[in-house]
Amino acid sequence: MTPPMTDSNKDTSADFSALGLDPDITSHLATKMGISQPTPIQKKAIPAMLRDRLVKVDSSNDTYAQEERRPRDICIQAQTGSGKTLTFLLPIVHRLLLASTAPAEDITDKAQGASRNLGSMAVIITPTHELAKQILSTLEQLLRMTVDRSRRAHWMVPGIVVGGENPASEKARLRKGVTILVTTPGRLLRHLQVTQSFVTQNLRWLVLDEADRLLEEGFEETLKSIMTILDERMVPPHLLRRNDSCPFLLSNHLPRSRQVVLCSATLPNKVLQLAGTTLTHPLFCRNTGTDGQEDELSPQYEAPSQLRQYYIVMPAKLRLVTLAATLMQVFPSVVSKNPSSKDTMRTFSGASQGTFKVVIFLSSCDSVDFHHVLFSEAPAPKFWPAAYSAQLNGSRSDDAVAPTKVPQSTLAAENSTERTCPLLPGVMLYKLHGNLPQKVRADTFSRFSRSSSSSILLCTDVAARGLDFPHVNFIIQYDPPAEVADYVHRVGRTARIGRQGESLIFLTPTETDYLDILRSQGMVLEAKDADKHLKILVKRKGKGQIQVAATDLQQTWERWVHGESSTQESPHSVNNESSDDDEGSTTISAKSHNKDPAGSRAKSTGPPDLVQPKDLAQAAFLSSVRAYATHVSSERHIFHIRKLHLGHWAKSFGLRETPTQVGAHGSKEHNSTSKGKSKGSKSANFRSKDSFSFSATGSGSAQYGKTNHAPSNPFKRAASHADEFSSGIDFGGKKKRL
Ligand SMILES: Nc1ncnc2c1ncn2[C@@H]1O[C@H](COP(=O)(O)OP(=O)(O)OP(=O)(O)O)[C@@H](O)[C@H]1O
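These numbers were taken from a predicted model, which means no experiment stands behind them.

Novice: Please give an account of helix α4 (residues 129-143) that cites residues and values.
Specialist: For α4, spanning 15 residues, the distance from its first C-alpha to its last is 21 Å, which sits close to the expected 21 Å at 1.5 Å a residue. Within α4, 11 of the 15 residues are buried, which leaves the element mostly enclosed by the surrounding structure. Those residues of α4 lying buried are His129, Glu130, Leu131, Ala132, Gln134, Ile135, Leu136, Thr138, Leu139, Leu142 and Leu143.

In structure tokens:
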């Protein structure tokens, strides 16, 4: 069914056939794919891709023609979820279809030779496997069209090579011929280099989806090598006519030379400048500006107008409990069962019923693993509202918190990542990141997409771009992205194609300048009050109850992380004690209550196939600190490791140790927990745009790379500045620590 259109996406002046698309295609779109009206970017860019320009040719090279039709390269920039995939797929399929079924007068010899033997006529490159598979699926849907008997469409073979399968079967596929190939850069380059039977000399379209990402450091070199090989193999247009063995290739419906299409919601100036110098007469198609005209370049990004963007500011030590409160806010079914909650307490619109999906972005794979285990294995807190605890599978919330070890299978690998979430009954939990084996990634992607239950996906930026998960209503950026473009792509997983959606970014008090950067790039954000927000955790009304509830939840999780029983201490007996000793305190509001971590240490020796939550928490903490140092240089004055309150940061992973202690443990334990992870884990473990390398050593020291002014031990340095950071939340009266 066609989704509802907002004013910004609605277009009544044209349907797809008015854009010049073949009637068989438009009828298939309407009847089989439920798509009948083009979005503004489709209206603008599809005709541009269909239109060639006339160029004078050097007659010394071509004795047949004085003028030739040549395509223009195209840059497509439009908001996330505005239908860019069909924007580039439709013209390709249309032109191939027309060329292979053209009336006799169009070319001298009717469409002879259109077959998969011509090799790849279109190559679509994307940064991730998931996105490649999604594009392939749209392409396959499109190619299922029924055409008139006199026409030929079956020869167009869609295909994918992204790795993760036996290279021999990929080679075999390429040998047979894949007319429209969807691929990732590394895999494509490998096949160009080693697969002799991979034919690309007839390539007419090269699409770089998420072009800005593909042209970034990391992919850039691969892309250059790909372009060089493709250029070398391409048959120059002036030689085409002499090669009359395949008249199909001379069809006027095909671009005579290769058309390059760059596509993204974010094409920053540096990419556009590059495009301006390396592309052939590039045409810029953006959502703004007058139809059919080239638009002016602007550094601004655009989020879907129906997306409501929020931010919330809280000290690092409250991040975890605020995340829990947020999830309770956004899952209406759970909230409505909370006896103390009223609709007015909910600060997000949410959905009144039906499937509700949330995507939570974190900065590292280890952090995703930790939170996935925490939310699926940790028990509800002792004072969790009865309505929630009653639904816990067979466990009572006031039971002692049993020390938990986490089965390895939960962490990574063989099986599905689908879990239930004790805190949010009825809500399913998934995780997606680059360290997971390809099979698990694919399984997660499809289960989360198809799930009819309300669900949460915890992920790294591997899921930030392009993925079109249905029914995602809410995006949480628990860790701010490494750059603004990533912000735009992350929030773009909701509010797609005119649907409603909300997003929330978590910031600490030292990070609020980031809002200026977001606003300067065209983002419109509203504030959420952290204090009001946490109210949802409160069971009874009364002064100080937010603090009680938040402390209770934090303590429950700390005990779980440290493998302790809840009966070891009473949260409320310590709640009234106030301490400034953040670095060493056990809870967010009180002094350390279990200075002797012997219990947890004793429990850390378990069977080799089990991992302690504390190991996970430490690995997550370390990798999240490392990821913190990977923000782009223009943002590093805001997100600088020296500004990070590491003691509070540790708390957001349920850790009590001082950062130095965590660093010392973490290095060893992280190494051991990392063993056995999938290949490529090193590179994919945290954000790759890394201008800083940090490695914790056994002594807790840190090593910096590429940074001249960095302190030798960021943990110690940050800890010594601990007093500069207040909680940031005033619960009334004198200073209290949560
Ligand atoms: N004209 C249309 N009318 C209704 N739905 C459409 C239309 N065009 C595309 N869609 C659907 O909209 C959804 C989003 O499209 P798509 O994934 O191509 O967006 P995008 O602009 O590429 O987003 P992103 O920037 O996040 O990659 C898809 O489910 C697609 O099938």
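Novice: Residues and numbers for helix α11 (residues 319-330), please.
Specialist: The terminal C-alpha atoms of α11 lie 16 Å apart, and with 12 residues this matches the ideal 16 Å at 1.5 Å per residue to within 8%. Burial within α11 is extensive, with 12 of its 12 residues counted as buried. Taken as a whole, α11 has its buried residues at Arg319, Leu320, Val321, Thr322, Leu323, Ala324, Ala325, Thr326, Leu327, Met328, Gln329 and Val330.

Novice: Account for the site of the ligand, with residues named and values stated.
Specialist: Taken together, 22 residues are adjacent to the ligand, and Gln37, Lys84, Thr85, Asp468 and Arg496 come closest. Between glutamine 37 and the ligand, the recorded distance is 2.7 Å, taken from a backbone N or O atom to a nitrogen atom. One of the side-chain N or O atoms of threonine 85 is found 2.7 Å from an oxygen atom in the ligand. When the ligand sits alone it has 640 Å² of accessible area, and the protein chains cover 90% of it.

Novice: Lay out the pattern of salt bridges in plain terms, naming residues and giving numbers.
Specialist: In the structure shown here, the tally under the stated rule is 18 salt bridges. When the shortest N-O distance is used, the salt bridge between glutamate 564 and arginine 656 registers 2.7 Å. In this pair, glutamate 564 sits in the loop between α20 (545-561) and α21 (571-575) while arginine 656 sits in the loop between α24 (646-651) and α25 (659-674), placing the two residues 92 residues apart along the sequence. The exposure class of glutamate 564 is buried, given its relative accessible area of 3%. The buried category is assigned to arginine 656, whose relative accessible area is 9%. Each of Glu558, Glu564, Lys651 and Arg656 takes part in a single network of salt bridges with overlapping partners.

Novice: Please give an account of the pairing of strand β5 (residues 158-161) that cites residues and values.
Specialist: The pairing of β5 with strand β6 (residues 180-183) spans four bridges and is classified as parallel. Residue pairing across strands places isoleucine 160 opposite valine 182, the latter belonging to β6. A crossover connection joins β5 to the parallel β6 through helix α5 (residues 167-176); in handedness this β-α-β unit is right-handed.

Novice: Report on the packing of aromatic side chains, specifying residues and quantitative values.
Specialist: Per the counting criterion, the structure on display carries 12 aromatic pairs. Look at phenylalanine 370 and phenylalanine 653: their rings are 5.8 Å apart centre to centre, the planes differ by 50°, and that puts the pair in the tilted class. Of the two residues, phenylalanine 370 is situated in helix α13 (residues 365-377) and phenylalanine 653 in the loop between α24 and α25; the sequence distance between them amounts to 283 residues. An identical accessibility class is assigned to phenylalanine 370 and phenylalanine 653; each is buried. With a centroid separation of 5.7 Å and an interplanar angle of 80°, the aromatic rings of phenylalanine 375 and tryptophan 557 are classed as edge-to-face. Separated by 182 residues along the polypeptide, phenylalanine 375 in helix α13 and tryptophan 557 in helix α20 bring together distant segments of the chain.

So, how was this worked out
Residues numbered from 1 in each chain as written. Predicted model: local features only at pLDDT ≥ 70, side-chain atom pairs only at ≥ 80, totals over all residues. Heavy atoms only, no water. Helix = DSSP H or I, 4+ residues; strand = E, 2+ residues; numbered from the N terminus. Expected span 1.5 Å × (residues − 1). Buried < 20%, exposed > 50% of the residue type's maximum accessible area, 1.4 Å probe, protein only. Near = heavy atom within 4 Å. Polar contact = N/O pair within 3.5 Å; in protein donor to acceptor, adjacent residues only side chain to side chain. Areas by Shrake-Rupley, 256 points an atom, 1.4 Å probe, with all protein chains shown as cover. Salt bridge = Lys/Arg side-chain N within 4 Å of Asp/Glu carboxyl O. Pairing = 2+ DSSP bridges. Right-handed = clockwise from strand over helix to strand, strands pointing away. Phe/Tyr/Trp six-rings, centres within 6.5 Å; stacked < 30°, edge-to-face > 60°.

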